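Fold and geometry: a report
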Amino acid sequence: MSFLPTGTVYGVLLNFRAEVEALAPQMSQPPYKAPPKAPVLYVKTANTWSPHGSAITVPASVPEVEVGATIAMVIGADGDVEGFVPMNDLSLPHASFFRPPVKFKCLDGFLGIGPAMRDAQEVADPAEFKLEVRINGALRQSVDFSQLVRDASQLLADVTGFMTLAHGDVLMLGCDAGRPLAKPGDRIEISAPGFETLSNTLVGEAA
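What comes next is a walk through the structure. If you're wondering where the values come from, they're calculated on a predicted model, not measured in any experiment. (Residues numbered from 1 in each chain as written. Predicted model: local features only at pLDDT ≥ 70, side-chain atom pairs only at ≥ 80, totals over all residues. Heavy atoms only, no water.)

1. A word on unusual backbone geometry
For Leu-14, which is not glycine, the phi torsion reads 60 degrees and is therefore positive. Looking at where Leu-14 falls in the secondary structure, it is placed in the loop between strand S1 (9-13) and helix H1 (17-27). Although it is not a glycine, Asn-136 adopts a positive phi angle of roughly 55 degrees. Its location among the elements puts Asn-136 in the loop between strand S10 (130-135) and strand S11 (138-144). What makes Asn-136 partly exposed here is its relative accessible area of 47%. (Helix = DSSP H or I, 4+ residues; strand = E, 2+ residues; numbered from the N terminus. Buried < 20%, exposed > 50% of the residue type's maximum accessible area, 1.4 Å probe, protein only.)

Following this line, the structure appears as structure tokens:
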């Protein structure tokens with residue numbers, strides 16, 4: 001059986017340097033007027049969860065979706081990291097980078113979840129993680145987790161500094177800039193050394 005979370009899944013915005021650099025001009029504009037000083041979180045609700053190998057339905061009114069390849073920390077019983085799992089944080093393309101509306105991020109099925117959790121004891125340093133995103137077999141993005149603004153341990157410390165994460169909660173490390181677009185009919189594969197490949201196929205909504 002594929003891995004599925006038992007708690008809340010949290011996404012993190014602006015945790016890759018290239019993403020911050022690309023959006024820096026917008027951060028000085030109203031209503032924010034300055035870069036965030038704390039992690040910017042959002043929730044991927046349980047209706048979004050799609051196991052590895054499942055088909056993900058795209059609404060008929062949506063021509064393309066944005067692929068958000070990442071690796072997430074699974075929280076253990078003592079508040080530490082129990083393991084890591086790849087995820088595909090799908091969303092509708094949008095310009096509201098700071099507080100993305102729920103309707104863009106939480107459509108049914110819009111979170112592909114890796115087939116298995118990798119035990120944290122097997123991981124020497126999460127900064128060594130490298131992801132590849134393939135759409136219909138073609139390489140579309142490479143993600144290097146040495147480029148995080150907050151590395152895994154710092155992100156966890158900063159988040160738990162203002163909220164409690166429970167056993168089974170999941171905290172994504174973030175999605176890099178240059179996220180590829182995919183359309184109904186496409187097969188998305190997210191792979192990383194040491195992890196089982198996550199794959200899902202997009203299907204168009206039935207008329």
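2. Some words on the nonpolar core
In this structure, Ile-71, Phe-145, Leu-171, Leu-173 and Ile-188 are the most contacted members of the largest nonpolar core, which totals 40 residues. Mapped by element, the contributors of at least two residues to this core are S1, strand S4 (55-58), strand S6 (69-75), S10, helix H3 (152-160), strand S14 (187-191) and strand S15 (198-204). Look past the residues within four positions of Leu-173 in its chain and what remains in contact with it is Asn-15, Thr-70, Ile-71, Ala-72, Met-73, Phe-129, Phe-145, Leu-148, Ala-152 and Leu-155. (Core = buried A, V, L, I, M, F, W, Y, C linked by side-chain atoms within 4.5 Å. Contact = heavy atoms within 4.5 Å.)

3. Considering the packing of aromatic side chains
For any two aromatic rings, the description comes down to two numbers: the centre-to-centre distance and the angle of the planes. In this structure the tally under the stated criterion is four aromatic pairs. Taking 5.3 Å as the distance between ring centres and 75 degrees as the angle between the ring planes, the aromatic pair formed by Phe-129 and Phe-195 counts as edge-to-face. Of the two residues, Phe-129 sits in the loop between strand S9 (118-119) and S10 while Phe-195 sits in the loop between S14 and S15, which places them 66 residues apart along the sequence. Overall, the relative accessible area of 5% leaves Phe-129 in the buried class. The rings of Phe-16, Phe-84, Phe-129, Phe-145 and Phe-195 are connected pair by pair, giving a single aromatic cluster. In this structure, Arg-118 is placed above the aromatic ring of Phe-195, and the distance from its NZ or CZ to the ring centre is 5.3 Å. (Phe/Tyr/Trp six-rings, centres within 6.5 Å; stacked < 30°, edge-to-face > 60°. Lys NZ or Arg CZ within 6 Å of the ring centre and 35° of its normal.)

4. Section: the environment of Gln-147
Within the secondary structure layout, Gln-147 lies in the loop between S11 and H3. In sequence terms Gln-147 and Asp-176 are 29 residues apart; their C-alpha atoms lie 8.8 Å from each other. When near neighbours in sequence (up to four residues on either side) are disregarded, Gln-147 contacts Asn-15, Phe-16 and Arg-17.

5. Notes on the pattern of salt bridges
Under the definition given, this model contains ten salt bridges. The partner of Asp-144 in a salt bridge is Lys-130, with the nearest N and O atoms 3.2 Å apart. With Asp-144 in strand S11 and Lys-130 in strand S10, this pair connects stretches of sequence that are 14 residues apart. By relative accessible area, Asp-144 is classed as partly exposed at 24%. Accessibility expressed as a relative area gives 45% for Lys-130, which makes it partly exposed. Put simply, Asp-158 and Arg-150 hold a salt bridge, and the shortest N to O gap is 2.7 Å. By relative accessible area, Arg-150 is classed as buried at 16%. By sharing partners, the salt bridges in this structure join Glu-19, Glu-66 and Arg-179 into a single network. (Salt bridge = Lys/Arg side-chain N within 4 Å of Asp/Glu carboxyl O.)

6. Digging into the sheet that holds S11
The strand order across the open sheet formed by five strands is S4-S15-S14-S10-S11, and the pairing between neighbours is mixed. Each of the sheet's edge strands pairs with one partner strand only, and the pair in question is S4 and S11. Ignoring strand direction, the axes of neighbouring strands in this sheet form an average angle of 20 degrees. As paired elements, S10 and S14 share four bridges and run antiparallel to each other. (Pairing = 2+ DSSP bridges. Axes fitted to C-alpha atoms, helices over the stretch in contact; angles between N-to-C directions.)

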